[in-house]
Amino acid sequence: MKRRTALQASIGVVATLTLAACGGGQTGSGSGSGQTTLTIALSSAPNSLDPAQVAVGPFLNYMDPAYATLLTRKADGTLGAGLADKWGYVGKGNTKFELHLRKGVKFADGTPITAADVVKSFKYFQKGSGPAAAWFRPLAFSTPDSSTVVITSPTPNPDMGTLFTPPYTGGAIISPAGLKVPKKLASSTFGAGPYVYSAQQSVSGDHYVYIPNKNFYDQSAIHFKKITVRVMPNVNSQVQALKSGQIDLMYGTPDVAPTVKGDKAITTLQKPTTWAGLFLLDREGTVVKGLGDERVRQALNFAIDRSAITKAVYGDYGTPVSQPQMPGYDGYSPEAAKMYPYDPDKAKKLLKAAGYGKGLTIPVNYGSFDPSTTKMVQAVQAQLAEVGVKLKLRAATNFGAWINDLLTKKYAATVLSPGTGGEPNFYAQQPPFTKTGIMNVFGVADPDVDAAYARLAAADPKSSEAASKDLTDVIVKKALALPVSGTDTIAMYNNKLRGVKFPDGGAQLTSNTLWTTR
Amino acid sequence: MFPIILRRLALSIPLLVIVSAITFLLESFVPGDPARTVLGINATQEQYDALKAAMHLDQPVAVQYWLYLRDILRGDLGSSLFTGESVLGLIGQRLPVTLALVIGGTVLASLVGVVLGVYSATRGRVSRRLFDIVSLLGSAVPNFWIALLLVAVFAVKFAFFPATGYTPFAESPGQWAAGLVLPVVSLSISGVAFISKVTRDAMLSTLSLDHIRTLRASGIRPFSIVWKHALRGCGLPVVTTIGLMMITFIPGTILVENVFTLPGLGTTVVDATNQHDLPVVQGLTITFTVMVIVVNLLVDVLYSLLNPKVRTE
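Residues numbered from 1 in each chain as written. Chains lettered and ligands numbered in written order. Predicted model: local features only at pLDDT ≥ 70, side-chain atom pairs only at ≥ 80, totals over all residues. Heavy atoms only, no water.

- Chain B goes by ABC transporter permease in an unreviewed UniProt entry, where it is assigned to Streptomyces graminofaciens.
- Quoted straight from UniProt, the Sequence similarities (unreviewed entry) entry for chain B says "Belongs to the binding-protein-dependent transport system permease family." (UniProt positions renumbered as here; feature names shortened; annotations may be inferred.)

- The name recorded for chain A in an unreviewed UniProt entry is ABC transport protein, solute binding component, from Streptomyces graminofaciens.

Here it is as C-alpha cells:
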C-alpha cells in the first residue's frame, strides 16, 4: 500500500513538471507575431507613483502611460502638443507663459479637464519634494478662462515650456479626485494618459500593469492592450529575459551591453546622458584654501587623462568631457572642450605658481552605491596624486548618507552618481553653480557666473544658443568643476519594437506610449 | 507533545525581542538619514523637519524602539518609507513566493537526497567514490551559479521554462509551476548533496546493526530491509539534517529570487536594504526569524515523534 502511495506521488511530481514545461517558455509579450502588449524591465520599483514625489530618469516609464503631460518632447527635440495644444510666452522678458488646453480633454475618470484643475495640480506639485518641485515653487498661476492657464515667474526663464514635459512631471496633471486623497497618489494613478494603472493586475514592487484609458482624447494613439513595467533588480536577469522574449526593453549597463552584441533579435541604443566627475563646491577656499585659487582648479583639470579614465571605467559607453554638458546638447561649447588637454606638467606649474608646489589635500565625498562612480573617482584620485594633489575620499553607502555628508560642508568637492541628465543649460547649471543653487552648499557667489546665467535667462528663446554656450564657457574657464566623462544611457530592446529613440538634444527615450510593434 | 510546543513557543518570544532590538540598534548605526533619502535634495527644511518628526527620527533610539515595539503589539509593522505600503501587507504579498521556494526546495532535496543516499549505501565501493565526488561538487558549487547555468540552458537556449518571473497559483497553476521549477532545482542542489551524504552514512551504520543481520537471516527481501526497516532507523539524523537544510534555504532564497526575479522576501530585503527602507528591513528580519523558529519547532515535533525518549525527558 505504501509503495503504491509513493508511486502515485512520483507520478504526480512528473505530471507537475510536464505541466510546468508545457506552460513555461515564451510567456512574454515579445513572443510570436501580432504582439499587442509591451513589457519593460527596470532595475528599481518607483519611489512613488505621485508626480510630485517620483524620481525621474527611467522611473518615467511608470508615469508615461497614466499621466499625460501638458506638453511633450518630439523626436526632433522641439516641444510638442500634449493636453495643451497651444503655448508660448506672453510679451517679452521670458516671465509670462500661456498654455491653452486642447478641447474635450478628460481625466481617466471621465471628468473634463479645466484650467482650474491644472492650477490645482500645479499648486499640489509646488508642495512636493520631487526633482522639479524647486522650479515650480516660485511660479504664480492665473486662469483667464476655463481653457487657458497663465504662468508667471518672478525671474526670467528662457525654457519654461520644458517644465510641462514628462521629465519634469509637473506637467503631469492630477485629477481633483486624486488631489482629494493625496496618500493614494503614491500607489495609484489619477491622470489623463492613454492608459490607466491597474492595481488589480499589479503587484507593487514587482510589476505594474497599465490598460487602455477609454477617455483618452486620441484613441488611435493607444497601441497596446497592456503595458507592463517589471521590476528586475538583477540586470543579468533582465538580459536573460530579453533574450528569451519575456521582456521587450531594458536599460543596459556597460557590463551587460556587450553580451547582446551579435544578437540579431536585439537592438542597442546608447547616448551620452550625464557628466560624471567632481563638483568643486568649496570655490572660495573655506575648507581647502587652495580651491579658492582659479589656478589650482585649472591645474586639476589639466592633471587628468579623461580618455584613459573613460575607457577604463565606461568602456565603449562613455565619452570624455571637460565641461558640464555633452556634445549634442544645449550649451555644449566646442571652445570649452579644448581648454584642458591632458598636461600634467602644466598642472604642476600652475600649482607651483599658486603656492602649492608641494601639493594639497582635498576631502571629497561620493556615493559608493554606484560602482562606476567608485571606479571613476579612484582613477581620478590616482591621476591627481601624480601632480601632488591628494583626494581624501569619503564613501557614502546610500543616498541619505551622501546628502548628509554634503550638507556638513566638510567636503570641498563631491561626486554625483550618474543620473539622467541632458537638461537644457538653464536647468542643468543652476543647482551647482549659481548663488542660490541647491547643490551650491557653500553658497559661493560668483558674479561672472550669475551674470552669464542672468543673460541666458533673459535671452530670446529662439536665439539663446550663444548665451547658453557663454554660460558653459564661463563655468569651464573658471574651472568650477572637474568633469571627466559623459556616461551613456543604454537601451536594449527586441527588434519588434518601433519608435524607440532618443530625441535630438535629449537624454530620455521617447515616451513608451509612442512605441509600436512591427 | 503540547508542553514541548508551548515551551518552545514561549522561548521564541524573548528571541524575537532580542533579534528585533539588535536589528534596530544596528540600523541606527547605518550612516545616512532616512528622511533625506526619502525626500532627496530638493526638499525644503520644513518638509525635512516634518518628515523627521513623523518618523520619530528626532527621538532617542531607545524611544524609537519602544514606539516600534508598541506598534508591533498592535499588529502594525509600519510602512515602507518609499512606497508608503504597509509592511505587513508587503510581507503577506511576498511570503507565498518564498514559502513555495523553501518548501519546494526542501521536498525535492529530501526526496532525491534520501533516494541517492540509500542507493549509494547499498552499492559497491566504486559507486560510493563516484557518489562522494558528485556530492562534493553539489555542495561546493554556489547555487546562484547553478541558477545562471539553468537559465542559460533551459530558459534561453531551449525555452522550456521562463527565465524570470512568478505567476500566482490562482492565475495559472501551470505557469506557477513553470516559474518555480528552475529556482527550486537550483536552490535544492546543495541540499541534495547534504541529505544524501547523511542518509548514506546513517544507512551504512544501520545496515551493520545486529537486528538487520537477523532480518537478513530470516529471509526478508533486501528491498524491504533497506526501505522499510533500515530507513526508519536513519530517521533521526536525516530529519535533523532536513531541518538544518531548510533553515539554510531561507537566506538562500535571497540569491535565487534575485537571479530569477521572483517577488519574494529575498528580493524585497535586498531592495529595502539598498534603499535604506528601515521599516521593511526590520519587518523582514522578524519574518525570517519567525520562519526559522517555525522550522525548528517542526523539527522538534518530528524528532519527538520519531524518538519517544525525547517526549519523556
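Brief notes about the interface of chain A and chain B
Then comes step 1: At the interface, 52 residues of chain A touch 45 residues of chain B.
Then comes step 2: Taken together, the connections running from chain A to chain B amount to 0 salt bridges.
Then comes step 3: Connecting chain A to chain B are 10 residue pairs in polar contact (both at pLDDT 80 or more).
Then comes step 4: For the side of chain A that touches chain B, the elements supplying multiple residues, two or more each, are helix 1 (2-23), strand 10 (226-231), helix 6 (235-243) and helix 12 (399-407) of chain A.
Then comes step 5: In terms of residue class, the side of chain A that touches chain B is made up of 23 nonpolar, 22 polar and 7 charged. (Contact = heavy atoms within 4.5 Å. Salt bridge = Lys/Arg side-chain N within 4 Å of Asp/Glu carboxyl O. Polar contact = N/O pair within 3.5 Å; in protein donor to acceptor, adjacent residues only side chain to side chain. Helix = DSSP H or I, 4+ residues; strand = E, 2+ residues; numbered from the N terminus. Nonpolar A, V, L, I, M, F, W, Y, C, P; charged D, E, K, R; others polar.)

A short note on unusual backbone geometry
Then comes step 1: Even without a glycine there, the phi angle at Asn94(A) is positive, about 55°.
Then comes step 2: A relative accessible area of 6% places Asn94(A) in the buried class.
Then comes step 3: Positive phi, close to 50°, is recorded for Thr261(B), a residue that is not glycine.
Then comes step 4: Here Thr261(B) lies in the loop between helix 11 (235-260) and helix 12 (265-275).
Then comes step 5: Residue Thr261(B) is classed as buried on the basis of its relative accessible area of 3%. (Buried < 20%, exposed > 50% of the residue type's maximum accessible area, 1.4 Å probe, protein only.)

Thoughts on the UniProt feature "transmembrane region" (unreviewed entry) in chain B
Then comes step 1: Per the UniProt entry, the sites bearing "transmembrane region" (unreviewed entry) are residues 9-30, 97-121, 133-156, 176-195, 238-260 and 280-306 of chain B in this numbering.
Then comes step 2: For residues 238-260 of chain B, helix accounts for 100% and strand for 0%, while the C-alpha atoms at its two ends are 30 Å apart.

Regarding the sheet that holds strand 4 (residues 84-89) of chain A
Residue and element names in this part refer to chain A.
Then comes step 1: Taken together, the 4 strands give an open sheet; going across it, the order is 4-5-7-6, and neighbouring strands pair in antiparallel fashion. At either margin of the open sheet sits one strand with a lone partner, and together these are strand 4 and strand 6 (140-145). Taking each pair of neighbouring strands and ignoring which way they run, the sheet shows an average axis angle of 20°.
Then comes step 2: Pairing of strand 6 with strand 7 (residues 148-152), which is carried by 4 bridges, proceeds in the antiparallel orientation. (Pairing = 2+ DSSP bridges. Axes fitted to C-alpha atoms, helices over the stretch in contact; angles between N-to-C directions.)

Topic: the side chain of Thr165(A)
Residue and element names in this part refer to chain A.
Then comes step 1: Along the polypeptide, Thr-165 turns up in the loop between strand 7 and helix 5 (176-180).
Then comes step 2: At 2.6 Å, the side chain of Thr-165 forms a polar contact with the backbone oxygen of Thr-162.
Then comes step 3: What Thr-165 contacts, discounting residues up to four positions off in sequence, is Thr-69, Leu-71, Thr-72 and Leu-79.

Points about the confidence of the model for chain A
Then comes step 1: When pLDDT is averaged along chain A, the result is 89; 92% of the residues meet or exceed 70.
Then comes step 2: Looking over chain A, one finds the lowest element-wise mean pLDDT in helix 1 of chain A, namely 43, and the highest in helix 7 (residues 294-302) of chain A, namely 98. (pLDDT = per-residue confidence, 0-100.)

Remarks on the nonpolar core
Then comes step 1: Counting 98 residues, the largest nonpolar core has Leu70(A), Phe122(A), Ile151(A), Phe164(A) and Tyr210(A) as its most contacted members.
Then comes step 2: For this core, the element with the most residues is helix 3 (residues 115-127) of chain A, which contributes 6 residues.
Then comes step 3: Contact partners of Leu70(A), with chain neighbours within four places excluded, come to Ala81(A), Gly82(A), Leu83(A), Ala84(A), Leu99(A), Leu101(A), Val118(A), Phe122(A), Phe164(A), Gly171(A) and Ile173(A).
Then comes step 4: Ranked by size, the runner-up nonpolar core spans 61 residues in total, among them Tyr65(B), Val181(B), Ile212(B) and Met291(B). (Core = buried A, V, L, I, M, F, W, Y, C linked by side-chain atoms within 4.5 Å.)

A few points about the UniProt feature "domain: ABC transmembrane type-1" (unreviewed entry) in chain B
Then comes step 1: Residues annotated in UniProt with the feature "domain: ABC transmembrane type-1" (unreviewed entry) correspond here to residues 95-303 of chain B.
Then comes step 2: Helix makes up 84% of residues 95-303 of chain B and strand 0%, and the two end C-alpha atoms of the span are 26 Å apart.

So, the pattern of salt bridges
Residue and element names in this part refer to chain A.
Then comes step 1: Within the structure shown, the criterion is met by 13 salt bridges over all chains.
Then comes step 2: Its salt-bridge partner being Asp-448, residue Lys-478 comes within 2.9 Å of it at the nearest N-O pair. Here Asp-448 lies in helix 15 (residues 447-458) and Lys-478 lies in the loop between helix 16 (465-477) and strand 17 (481-494), a separation of 30 residues in the sequence.
Then comes step 3: Through salt bridges that share partners, Lys-261, Lys-311 and Asp-316 make up one connected network.

A short note on the environment of Ala457(A)
All names here are of chain A.
Then comes step 1: Topologically, Ala-457 is positioned in helix 15.
Then comes step 2: Counting along the chain gives 19 residues from Ala-457 to Val-476, while the straight-line C-alpha distance between them is 19 Å.
Then comes step 3: In this view, Ala-457 contacts Asn-94, Pro-156, Asn-157, Pro-158 and Phe-426; residues no more than four positions away in its chain are not counted.

Overview of the packing of helix 9 (residues 210-217) of chain B against helix 10 (residues 222-233) of chain B
Packed helices, taken two at a time, are described by the angle their axes make and the gap between the axes.
All names here are of chain B.
Then comes step 1: Viewed as axis vectors pointing N to C, helix 9 and helix 10 meet at an angle of 145°, and their least axial separation amounts to 11 Å. Both helix 9 and helix 10 take part in a crossing whose hand is right-handed. Contacts from Ile-212, Leu-215 and Arg-216 of helix 9 reach helix 10 at Ile-225, His-229 and Ala-230.
Then comes step 2: Here the residues of the contact of helix 9 with helix 10 sort into 4 nonpolar, 1 polar and 1 charged. (Left-handed = near helix turned anticlockwise from the far one by under 90°.)

Concerning the confidence of the model for chain B
Residue and element names in this part refer to chain B.
Then comes step 1: Predicted confidence across chain B gives a mean pLDDT of 86, with 99% of residues reaching 70 or more.
Then comes step 2: Confidence, read as mean pLDDT per element, is least for helix 14 (residues 308-312) in chain B (67) and greatest for helix 5 (residues 87-121) (92).
Then comes step 3: For this predicted complex, the interface confidence score (ipTM) comes to 0.74, while the overall pTM stands at 0.83.

A word on helix 7 (residues 143-157) of chain B
Then comes step 1: In this model, helix 7 of chain B (15 residues) spans 20 Å end to end at C-alpha, consistent with the 21 Å of a helix rising 1.5 Å per residue.
Then comes step 2: Its axis deflected by about 30° at Val151(B), helix 7 of chain B carries its strongest bend there.
Then comes step 3: By the burial criterion, the buried members of helix 7 of chain B are Asn143(B), Ile146(B), Ala147(B), Leu150(B), Val151(B) and Ala155(B).
Then comes step 4: In the core, the buried residues of helix 7 of chain B are packed alongside helix 6 of chain A together with helix 8 (173-207) and helix 11 of chain B.
Then comes step 5: Immediately beyond the C-terminal end of helix 7 of chain B, within one or two residues, lies Ala159(B), with a positive phi of roughly 55°. (Expected span 1.5 Å × (residues − 1). Bend = angle between axes of the 7 residues up to and from the residue.)

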